[in-house]
Protein chains: 4
Amino acid sequence: MSLEIFNKYESEVRGYIRSFPVIFEKAKMAEIWDETGKRYVDFFAGAGALNYGHNNPEINTALIDYLQNDGIGHALDMGTVAKKSFIEAFVYNILQPRNLDYKLQFVGPTGTNAIETALKIARKVKGRKQVMSFTNGFHGMSMGSLSITGNSYYHDESYGVPGYTTQIPFHKYLGDKVDTVAYLRKILEDASSGTELPAAIVLETIQAEGGINVAGEQWLRDLRQICDDFDILMVTDEIQVGNGRSGDFFSFERAGIVPDIVTLSKSIGAGQPMAMVLLKPELDQWSPGEHSGTFRGNNLAFVSSAVALNNYWSDDSFSKAVKEKSALVQQRLEKIALRFPNYIKEIRGHGMIWGAEFKQPEMTSKICAQAFEDGLVIETAGASDEVIKFLGPLVITPELINEGFDILEGAIEKICQA
Amino acid sequence: MSLEIFNKYESEVRGYIRSFPVIFEKAKMAEIWDETGKRYVDFFAGAGALNYGHNNPEINTALIDYLQNDGIGHALDMGTVAKKSFIEAFVYNILQPRNLDYKLQFVGPTGTNAIETALKIARKVKGRKQVMSFTNGFHGMSMGSLSITGNSYYHDESYGVPGYTTQIPFHKYLGDKVDTVAYLRKILEDASSGTELPAAIVLETIQAEGGINVAGEQWLRDLRQICDDFDILMVTDEIQVGNGRSGDFFSFERAGIVPDIVTLSKSIGAGQPMAMVLLKPELDQWSPGEHSGTFRGNNLAFVSSAVALNNYWSDDSFSKAVKEKSALVQQRLEKIALRFPNYIKEIRGHGMIWGAEFKQPEMTSKICAQAFEDGLVIETAGASDEVIKFLGPLVITPELINEGFDILEGAIEKICQA
Amino acid sequence: MSLEIFNKYESEVRGYIRSFPVIFEKAKMAEIWDETGKRYVDFFAGAGALNYGHNNPEINTALIDYLQNDGIGHALDMGTVAKKSFIEAFVYNILQPRNLDYKLQFVGPTGTNAIETALKIARKVKGRKQVMSFTNGFHGMSMGSLSITGNSYYHDESYGVPGYTTQIPFHKYLGDKVDTVAYLRKILEDASSGTELPAAIVLETIQAEGGINVAGEQWLRDLRQICDDFDILMVTDEIQVGNGRSGDFFSFERAGIVPDIVTLSKSIGAGQPMAMVLLKPELDQWSPGEHSGTFRGNNLAFVSSAVALNNYWSDDSFSKAVKEKSALVQQRLEKIALRFPNYIKEIRGHGMIWGAEFKQPEMTSKICAQAFEDGLVIETAGASDEVIKFLGPLVITPELINEGFDILEGAIEKICQA
Amino acid sequence: MSLEIFNKYESEVRGYIRSFPVIFEKAKMAEIWDETGKRYVDFFAGAGALNYGHNNPEINTALIDYLQNDGIGHALDMGTVAKKSFIEAFVYNILQPRNLDYKLQFVGPTGTNAIETALKIARKVKGRKQVMSFTNGFHGMSMGSLSITGNSYYHDESYGVPGYTTQIPFHKYLGDKVDTVAYLRKILEDASSGTELPAAIVLETIQAEGGINVAGEQWLRDLRQICDDFDILMVTDEIQVGNGRSGDFFSFERAGIVPDIVTLSKSIGAGQPMAMVLLKPELDQWSPGEHSGTFRGNNLAFVSSAVALNNYWSDDSFSKAVKEKSALVQQRLEKIALRFPNYIKEIRGHGMIWGAEFKQPEMTSKICAQAFEDGLVIETAGASDEVIKFLGPLVITPELINEGFDILEGAIEKICQA
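Asks: I keep staring at the overall build of chain A and nothing clicks. Help me out?
Replies: Counting its secondary structure elements, chain A contains 13 helices and 18 strands. For 418 residues, the compact-globule formula gives about 22 Å, and the C-alpha radius of gyration of chain A, at 21 Å, lands near that figure. Based on the C-alpha atoms only, the size of chain A along its principal axes is roughly 60 × 55 × 45 Å. Scored against the burial criterion, the 418 residues of chain A give a buried share of 71%. For chain A, the proportion of contacts with a sequence separation of at least 24, taken over those separated by at least 6, is 72%. When the accessible surface of chain A is summed, it comes to about 12,600 Å², and 47% of that surface belongs to carbon and sulfur atoms. Taken together, the 40 basic and 54 acidic charged side chains of chain A have centroids lying 1 Å from each other.

What follows is the structure, given as C-alpha cells:
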C-alpha cells in the first residue's frame, strides 16, 4: 500500500494522510475499510461532515436513482426539482416545527463560504465593519473567515489577516470566576474602550477545533441579550455542531435563543458538499446576484440532504436516540478518565461531541496513532492538540461505540505504559 | 410550474432563477429539460463547470458504480483509491505531456477557495502583502478573492475589501495604442510610483465575466517577463477558461508561458464540485495542515474527473475537435454581426468562449430572455452585461451549435424589430 | 470682546474657545489675562504643554536673546548650535543621572508625530504589524496614533482606523479583582486566542485624557516582564505625564522599569512646539532620512528646552518641590470630596495630575464654566467628561494652588446648590 | 567643529546633517553662517519653510516684541489676540481678494497633520474610504499621509501602509502621448475597473520632492472637471508649493481652479511651526473637538504669519517680484543646461521652484557637496535624487541668486571634469 504518488505529487500541506497513512477504499455508516481490506471504526465522521454515516443506504439509493435518471446535477442557483424538494424538506422538518423564520441563502459548498457570506451581509446591513469572535474559535481559511479564527497555526504575518475583527474571551476562558460576557458588556458600554461597535458577534456554541468548549446556556442567553441591547447581529456557526451533533438540530436550541444569522455546512449535505446561510427576513437585503458562487447549486447534495431531513428529522426520535448515545459516550469517557487520572485532566462535551483533555499534549497524537493501528479513526482538537475528541457519526450503533472505546482505552493503556 | 417556494424561502440574492424562471429536471450533454418536459439547448454549461456536458454517460456510469460499491465519499485529505486514480490521471494526461512540474494542492471545492489559497501561498513565500490583478478581472466572492475582483456590483463599502491589492489595466484596456504592460513595467521600476512590489500578479488569460477579453500572446509573454524581472509570481486563474475551454487544456498554453501558480475549479471536477491549485515545487512551502478545508477530498469529483481526463485528454483529438467547433461558433457569430451591424459592436473570443458586444447594453437581457423562451440557455457578460456570451459544453455537437445559433439569431431579430 | 471672527471663519471643530469664550492676551507662569484685563489662575497648563509656566522669565529672556542675535530658527535636522546645546542638556541632566541609554530621534513637533514614529520603528524592527494599547488610552489624531486611541469620539467608521491594533484592559479596568496583566499573559500564551504577537505595547503609565487612571507600580513591572518574556517592545507615551508631571522626569521611574521606546512632546519644548522619541540603541535601525518632517528642527524649542532642563533638572530640588505641591493638591481635593460626598465619586492622581470623578458627568462642564467665570481655567477628562482635572503648571505657587481651589470649591458649591 | 555629540546621541535617521556636515549658528534672509563664521548662500529655504527668509527683520521684531510683552504663547485652540490678527490678515489679504470662501482649520503644526486632517474630513463627508493620489507624490510620514506618498524609500512592508489608497499616473508620467486624466476618467467610469470611487484626489500641482514635476494648467482643469463629474473632493497640497512659491499665493491659481480642500504648512508660519487646512464651508462637518492637537495654537506663528501676510500680500507687488526672479532663475539654469548638455537631461520648474535633471543620478549629490564646500546650500529631489533643485527664499535678492548660481555652475564644472 504505497503512498508514493501522494508524497511525490501532493502539496506538503496534506495533513490527515499523515495521521492515517493508508489508502481508504470503502465505507459504510460508521465503518471504513482501507485498500488492504483492514476495517476501522469511525469516531471522526469526516470532521463532522458525515453525521448520517458513510454511504447511508437510503441516501445512496436516492443518489444512484437520481444519476440513473439523468437528474440535473450542476445548476448554479437555477430552480430544479431537487432543490425544490430540499427547500420543502428543510422548511417543513426543521424551520416550521421550531417556529424559526429564516430566509435560505445557498452558497458555495464549503463552510468558509458560508462564513464569508454571513460577514458580508452583517456588515452590509449594519453599515459597520467591525466583527467580534471568540478565543479558540474556528471559522475557516479564506481571508474573511480566517480573520475571526483564533488558532495562530493558520495565520502568517505575510498573508495577513485584515483588521476590523476583535477576539473576545469565550465562556470560562479566564476561569470560572471571570464573567466574560460582563467584560464584553463593559467594553461595549465604555466609549473609550477602544472597541468599535461590531456589526456581528460570531460564535460556535460548542467550540470543536478549539478543544470541545461548551458554552453555558445562561452565558448564551446573556450574549443574546447583549446583541439585543447594542443592536449587534448574533451569528452562530453551526457548521460543525449543528445538523444534530448537539442532540438538537441546531446547537443553539438548548439555550432557547434565536440567532440572527446561522451558517450551515458539513453534514447539511448529508455526505455531499453543500453550505447554506439562514437569515432573518429583515436581513435579506442582498441585490440579486450580489453574492454568487458556481457550486451553490449542487443538486446531488440537495437529493441526499432531503432524504436525511425527511428520514431523521420528521419527528424527535432521532434526536432522542442521539441523546441516549451521548450518555453512553460520556459514561465510557468518564470511566477512562477515572482509570487514568494522572494523564487526563478533564472530560467535557455535549451531544455527540466529546473530548478528553490530556495533561501532556504530546501524548494525544501517540494515542491516536496507536488507536488507528488498532482499528479506530479518531482525531485531536485544541490549540496544542491536547484533546482527544469523539465525533462519531450520529448513526453509529452502541456496539460500535463500545468497540471504538475499547480500542481507545487499550491504546491509552499502551501509551501510558510505554 | 410554480416558483412560489423559491420566492418565499430563498434569499433575494438568487439570480439565475430570475433569468431562467422554470424548474429544471433533467439534462444530458448539451440539452436540458424543465419539469414540464420543455427542451433547451445549453450555451451556458453551468457557467463553465460542465465542459464535459451534463450527465456525460461514461462519467455517470462510473459515479453510479462507485456509489453502488460503497466507495468512500467524503474523506478530507486522507488517501483514497479514487484520489490516487485522479492524481495519476492528471499527472499522466496533463502535466507530463506538457512538461509541467507542479505540486497539486486540493482545496475546498469552489474557485474562490483556490484563489484564496493562491494568494496566501504567494504572500507567504514572497513575504510581501501586495498583489496585483487586472481591470475587469473576476476571481470570486470571499474576502481575499473579492479584493482582486473588478466588478463593483459585488463590492460594498460596508463589507469592504481590504487593501494590499492594485488593479492594473488589462491588455487593450486603454485602447490599442497604450501598451499596458509597459505601464506596469514603468510603475514597478519607478521607486516613487507609490506601487509596492507585489508578491503576485493574478490574471485570467481570457477574461470571461469581464466581457470575453482575450489577452494577446505577446502581451502574456511580456507579462511573464516582467514577473521574471521583478521576482513576482504569475498566477493564472484557469477556473473558467482552463479545462479545455480555450482549446488547450490550460489557457496559457497558446502563449508558450508557464505560470508559477495555477488555480483550477469548475470543470476540473467534470460535473462534481472540486478545486485545485498547482504550485511550482519550490513554492510548496506549506506546513502540514496550514491551509485546510472540509470538502477538499470530494471523492465523487475524483471519480468523475479521472474519467474525463482519461477519456478526453490522453491524446490531442479532443483538443482538435474543440478548435474545429470554435471555428463554427466564430463563423455563426460573424454572420450575425454582419446582419445586425447597427446593434452589434464587436465579436471576440477564443476556443469555446465567444462574445458579441452590443452597442446598447439594455438589449442583451431581452435577447437572452427571448432566446430562453425559444429554447436556448444563454447568458451575458461584461461590466454592464453588454456582451452575449457563448459558453456551451465542449462536447456539444455541431448540430446543437447550429440549432442554438438559429434560436439566438431569431431572438435578436425579434428584439431588434420590436 | 467679540468672538465673531472666530465663529465666522474658524472650522466648527474648534473646541476650547467654546469652553473659554474670551480672547486671551497675556500670560505669566500660572496666570493668564484676557483682552479685557480679566485675570485667571491656570489649572490647565495648555493641556500639559506648559509645565514650566507661561513666559517663564529665564526662558523668555533666552528666546529674545536668540532672536535678537539672528540665531538660526528653522533648520530641519541640520546641526545647529542650539540643537547641540539641547542634546547636551538632555543627556547630562536627564539620561546620564538615570543611567538611561537612549538614542534621540527628533520628529515633527507634535505628540502624534512621536507616536507614529514609535509605531513605525517598532514594527520595522520586530517585523510584526500588530500593536497593543489600552482601554481609555489617548495617543493622538493621525491615522496610526488614532488606531491606538480609545475614545470613540475621535473615531468615525468612514475615516476608519486600520487594523493591526488590539485594545486590552488597563489596570483596574475590570475592577480590583481581575488582574488584567494576567489576562494579557493568557492571550499571549494561548496560540488559539486569536491575538497576534504584537511588535509593541503602548501605554501611558498615568492615563490623562482617559480620566486620570494611575497604573500601579507592580502592574507596570508585571507588564514589563510580559514584554521581556514575549519579546515585545514596551513604549511609554510620556507626552503628557512625562517632563516632570509625575514628580519624576519620566512617569515610569516610580515603577523602576525602563521602556524600550519613549515618546516626548508637549512640555519637552518648554512652551515651544517640539517632539522627540527615545530609542534603545539596538532599536535605532532607521536608514538616513527614512522618517522625516519639516519642523523637526525647531531651534526656538531647543533654546527654551535647554534652559528648562538646565534650570530645573540639574538636581532633585525641582522634583521635590513638585511632590510637595502634589501633596497640597491632594489635600485640597480630599477636602472637597469630603464636603460633597453625594456628587464626587472618587479623587485620584499622582504628582501634579489629579482628578475628581463626579457621579453625574453632566455636572462637570457646568462647574468648569462657573469656575472660569470666577477666574479659573480648568478642564475635564474621561470618556464622558466625568472627571474634573487639575493640571496646573509645575511652577505654580502654593498660593495660586490655594486660590484656584478656593474658586473651584466655590463653583462646585454654586452648581450643587442650583 | 565636531559633530561628535550628534553622531553619538542622535538617531541614525538624521539626514541633512550628513549632507551639510557643519554646525549652523546664524542666518539672515537668504544667507547662513556656521559656527566658524563661514557664510553660505541659501538655495534651500528650509525645504520651503522659509519663503520669507531667515530672521526676516520685521517678523523678528514682532516676535521679540510679543515675547517682551508676555504675549500668550501656547493656547491650544483658545481665542487669542494673535490668532485673531492672523485670521484677519489671512481673510483680508488672501481669501477675499481671490474670492475664495473657505473655513480655516488650525491643526498640529506639521504638514502631515494637515494632510491627515484633510483625509479624515474628506472620508467623513463623503462616507467613502478610498483616496487617490499620484505617482511621485509626497504628502508626509504619518500613517495616513504615508499611504498616499509615492516614494518607497519611506515605506517598509513591516510598518505597513493601510489600503484604501490608489496611486494614479501624474501628468506626463507615461510620456507626452498618454493622457493620464483620460485614463483616470476611464477607470472611474468603468464599473469593473476594480477602482472604488474615491472620497478625494490629493495632489501637489507642482510635485516638489517628486522631482519638480509641473502639472499643466489644462490637465489641472480636466482633473477638476473629473472631480466635479464624479463627486470627488479635490485636495491640493500647498504645503511646499503654496505660500507664494509658485508666484501666486496658491499654486492652483494659475489654472483658474478652486480646490475643495487645501492644506498649508511650511511657510504659512513664516518661520514658526504652523499648519492649516482650508475647507469649503459645506465640508466643515466636524463636531467640536473631533480632531484636536496640542500645538494647533502656536501664537508665535500667528504673530510672524500675520506680519508676512500684511507685508507681502496686501497687493501684487511681491507676486510680481517673485515672477521676475523666477525668470532670472530660469535663465541661469538654461545657460547651465546649454553648457553641460551631456550631463543635464532637462530643466523644469515654475515660480521659485526649479530643477535640473541629470542623466546620471549619482552626480547630483557630488555636485551639491561641492557647492556646499564652495558656500551654497542646495539639495536634490526625485525618486533617485536625479534632480538638483533651486528652492531659495522668495525674498532672495537677484545678487544672491547670481552668486549662488555662480557657485553651482562652478561645482558642476569641477565634478564633470573629475
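There is more to say, and it comes next.
Asks: Mind showing me how you'd approach the side chain of Lys103(A) here?
Replies: Note on placement: Lys103(A) falls in strand S5 (residues 103–107). A relative accessible area of 11% places Lys103(A) in the buried class. Side chain to side chain, Lys103(A) and Asp284(A) meet in a polar contact 2.8 Å long. Those residues within four positions of Lys103(A) in sequence are excluded, and the remaining contacts are Val277(A), Leu278(A), Leu279(A), Pro281(A), Asp284(A), Lys8(B), Tyr9(B), Glu10(B), Ser11(B) and Glu12(B).

Asks: When you look at the packing of aromatic side chains in this model, what are you seeing that I'm missing?
Replies: Each aromatic ring pair is characterised by the separation of its centres together with the angle its planes make. For the structure on display, the rule yields 110 aromatic pairs over all chains. Aromatic pair Phe20(A) and Phe44(A): ring centres 6.4 Å apart, planes at 45°, arrangement tilted. Here Phe20(A) is found in the loop between helix H2 (16–19) and strand S1 (23–28), whereas its partner Phe44(A) is found in the loop between strand S3 (39–42) and helix H3 (45–48), with 24 residues between them in sequence. Each member of the pair, Phe20(A) together with Phe44(A), is buried. When the centroid spacing of 6.1 Å and the interplanar angle of 70° are considered together, the rings of Phe90(A) and Phe249(A) count as edge-to-face. With Phe90(A) in helix H5 (residues 81–95) and Phe249(A) in the loop between strand S11 (233–237) and strand S12 (261–264), this residue pair connects regions lying 159 residues apart in the sequence. A relative accessible area of 0% places Phe90(A) in the buried class. Among the residues examined, Phe249(A) registers a relative accessible area of 0% and is labelled buried. A cation sits over an aromatic face here: Lys186(B) above Tyr173(D), 4.5 Å from the ring centre.

Asks: Help me out: how do you make sense of the packing of helix H5 (residues 81–95) of chain C against helix H10 (residues 299–312) of chain C in this one?
Replies: A pair of packed helices is characterised by two quantities: the angle between their axes and the separation of those axes. All names here are of chain C. It is the contact of H5 with H10, at a shortest axis distance of 8 Å, that shows an interaxial angle of 30°. As judged from the angle between their axes, H5 and H10 are roughly parallel. Judged by the twist between their axes, the crossing of H5 over H10 is left-handed. In contact with Ala 82, Lys 83, Ser 85, Phe 86, Ala 89, Phe 90, Asn 93 and Ile 94 of H5, H10 contributes Asn 299, Phe 302, Val 303, Ser 305, Ala 306, Leu 309 and Asn 310. For the contact of H5 with H10, the per-class residue count stands at nine nonpolar, five polar and one charged.

Asks: So what exactly am I meant to see when it comes to the environment of Ala270(C) here?
Replies: Assignment of secondary structure puts Ala270(C) in the loop between strand S12 (261–264) and strand S13 (275–279). Residues Ala270(C) and Lys103(C) lie 167 residues apart in sequence; the distance between their C-alpha atoms is 21 Å.

Asks: Can you walk me through the environment of Trp286(A) in this structure?
Replies: Residue and element names in this part refer to chain A. Looking at where Trp 286 falls in the secondary structure, it is placed in the loop between strand S13 (275–279) and helix H10 (299–312). For the pair Trp 286 and Ile 121, spaced 165 residues apart in the sequence, the C-alpha separation amounts to 7.5 Å. In this structure the side chain of Trp 286 is engaged in a polar contact, spanning 2.7 Å, whose partner is the side chain of Gln 105.

Asks: Looking at this structure, how should I read the relation of the copies chain D and chain C?
Replies: The relation between the two chain copies is a rotation about an axis coupled with a shift along that axis. Each copy of the sequence occupies a distinct position, and chain D is placed on chain C by a rotation of 180° and an axial shift of 0.0 Å, giving an RMSD of 0.0 Å. Taken together, the rotation angle and the small translation identify this as a two-fold axis. A shared interface surface links the copies, since 100% of the contact residues of chain D are contact residues in chain C too.

Asks: Can you help me understand the interface of chain D and chain C in this one?
Replies: Many analyses report the size of an interface as the accessible area lost when the parts associate. The interface of chain D with chain C comprises 104 residues on the first partner and 104 residues on the second. Both sides together, the interface formed by chain D and chain C hides about 9,100 Å², and carbon and sulfur atoms give 63% of it. Our enumeration of links across chain D and chain C arrives at eight salt bridges. For Asp156(C), the salt bridge goes to Lys124(D), with nearest N and O atoms at 3.9 Å.

Asks: It is not clear to me how the packing of helix H4 (residues 57–68) of chain D against helix H10 (residues 299–312) of chain D should be interpreted in this structure. Could you clarify?
Replies: Residue and element names in this part refer to chain D. Interaxial distance between H4 and H10 falls to 9 Å at its minimum, and their mutual angle equals 145°. Crossing hand, H4 versus H10: right-handed. Touching Glu 58, Ile 59, Ala 62, Leu 63, Tyr 66 and Leu 67 of H4 are Asn 299, Leu 300, Val 303, Ser 304, Val 307, Ala 308 and Asn 311, all from H10. Here the residues of the contact of H4 with H10 sort into nine nonpolar, three polar and one charged.

Asks: I keep staring at unusual backbone geometry and nothing clicks. Help me out?
Replies: Negative phi characterises most residues that are not glycine, and trans characterises most peptide bonds. One non-glycine residue with positive phi stands out, namely Lys266(A), at about 45°. Within the secondary structure layout, Lys266(A) lies in the loop between S12 and S13. What makes Lys266(A) buried here is its relative accessible area of 6%. The phi dihedral of Lys172(D) is positive, around 70°, even though this residue is not glycine. Note that Lys172(D) resides in the loop between strand S7 (165–168) and helix H8 (180–189).

Asks: How should I be thinking about the sheet that holds strand S14 (residues 344–350) of chain B in this particular structure?
Replies: Strand pairing in a sheet relies on backbone hydrogen bonds, with the paired strands running either antiparallel or parallel. Residues and elements named next belong to chain B. Across the sheet, which stays open at both edges, the four strands sit in the order S14-S15-S18-S17 with antiparallel pairing between neighbours. Edge positions in the open sheet fall to S14 and strand S17 (379–381), since each of these has one partner strand only. Each neighbouring strand pair of the sheet contributes to a mean axis angle of 30°, computed without reference to strand direction. Looking at chain direction, strand S15 (residues 353–358) and strand S18 (residues 387–390) are connected through four bridges and run antiparallel. Counted as the bridge partner of Gly 355 is Lys 389 from S18. Relative to S14, helix H11 (residues 317–339) is tilted by about 175°, and along the sheet it contacts S14, S15 and S18.

Asks: Can you help me understand the nonpolar core in this one?
Replies: In terms of nonpolar packing, the biggest core is built from 485 residues, with Phe90(A), Phe90(B), Phe90(C) and Phe90(D) touching the most fellow members. When near neighbours in sequence (up to four residues on either side) are disregarded, Phe90(B) contacts Leu95(B), Leu104(B), Phe249(B), Phe250(B), Leu264(B), Ile268(B), Met276(B), Leu278(B) and Leu309(B). Grouped together as the second largest cluster of nonpolar side chains are 27 residues, Ala114(B), Ala118(B), Ile148(B) and Leu233(B) included.

Asks: Got a minute to help me understand the sheet that holds strand S2 (residues 31–34) of chain A in this structure?
Replies: Spatially, S16(A)-S3(A)-S2(A)-S1(A)-S4(B) is the arrangement adopted by the five strands of the open sheet, whose pairing is mixed. Edge positions in the open sheet fall to strand S16 (376–377) of chain A together with strand S4 (79–80) of chain B, since each of these has one partner strand only. Where S1(A) lies against S2(A), four bridges are found, and the strand directions are antiparallel. When the bridges of S2(A) are listed, Lys26(A) appears paired with Trp33(A).

Asks: Is there a simple way to explain helix H4 (residues 57–68) of chain C in this structure?
Replies: Here H4(C) is twelve residues long and its end C-alpha atoms lie 16 Å apart, about the 16 Å a rise of 1.5 Å per residue gives. Within the span of H4(C), buried status applies to Ile59(C), Asn60(C), Leu63(C), Ile64(C), Tyr66(C) and Leu67(C). The buried residues of H4(C) occupy one face: seen down the axis, they fall within an arc of 160°. Of the surrounding elements, those touching the buried residues of H4(C) are strand S1 (23–28), H5 and H10 of chain C together with strand S1 (23–28) and H4 of chain D. Positioned one or two residues after H4(C), Asp70(C) has a phi angle of 55°, which is positive.

Asks: Hey, could you run me through the state of the cysteines in this one?
Replies: Throughout this description, disulfide means a covalent bond between two cysteine sulfur atoms. Residues and elements named next belong to chain A. For the structure on display, the rule yields zero disulfides over all chains. Cys 368 takes part in no disulfide bond, and the closest cysteine sulfur to it belongs to Cys 416, at a distance of 13 Å. Judged by relative accessible area, Cys 368 falls into the buried class, the value being 8%.

Asks: It is not clear to me how the pairing of S13(A) should be interpreted in this structure. Could you clarify?
Replies: Here is the key point about a regular strand: its side chains alternate between the two faces of the sheet. Residues and elements named next belong to chain A. With five of five residues buried, S13 lies mostly within the body of the structure. When S5 meets S13, the two strands line up antiparallel, connected through five bridges. Each bridged residue has a counterpart across the sheet, and for Lys 103 the counterpart in S13 is Leu 279. Pairing between S12 and S13: four bridges, direction antiparallel. Each residue of the ladder has a partner; that of Thr 263, found in S13, is Val 277.

The rules behind these values
Residues numbered from 1 in each chain as written. Chains lettered and ligands numbered in written order. Predicted model: local features only at pLDDT ≥ 70, side-chain atom pairs only at ≥ 80, totals over all residues. Heavy atoms only, no water. Helix = DSSP H or I, 4+ residues; strand = E, 2+ residues; numbered from the N terminus. Rg over C-alpha atoms; globule rule 2.2 N^0.38 Å. Buried < 20%, exposed > 50% of the residue type's maximum accessible area, 1.4 Å probe, protein only. Contact = heavy atoms within 4.5 Å. Areas by Shrake-Rupley, 256 points an atom, 1.4 Å probe, with all protein chains shown as cover. Lys, Arg positive; Asp, Glu negative; His and termini not counted. Charge placed at Lys NZ, Arg CZ, Asp CG, Glu CD. Polar contact = N/O pair within 3.5 Å; in protein donor to acceptor, adjacent residues only side chain to side chain. Phe/Tyr/Trp six-rings, centres within 6.5 Å; stacked < 30°, edge-to-face > 60°. Lys NZ or Arg CZ within 6 Å of the ring centre and 35° of its normal. Axes fitted to C-alpha atoms, helices over the stretch in contact; angles between N-to-C directions. Parallel < 35°, antiparallel > 145°, perpendicular 65-115°, else oblique. Left-handed = near helix turned anticlockwise from the far one by under 90°. Nonpolar A, V, L, I, M, F, W, Y, C, P; charged D, E, K, R; others polar. Least-squares fit on C-alpha atoms with pLDDT ≥ 70 in both. Buried area = accessible area lost by both parts, 1.4 Å probe. Salt bridge = Lys/Arg side-chain N within 4 Å of Asp/Glu carboxyl O. Pairing = 2+ DSSP bridges. Core = buried A, V, L, I, M, F, W, Y, C linked by side-chain atoms within 4.5 Å. Expected span 1.5 Å × (residues − 1). Arc of directions from axis to C-beta. Disulfide = S-S within 2.5 Å.

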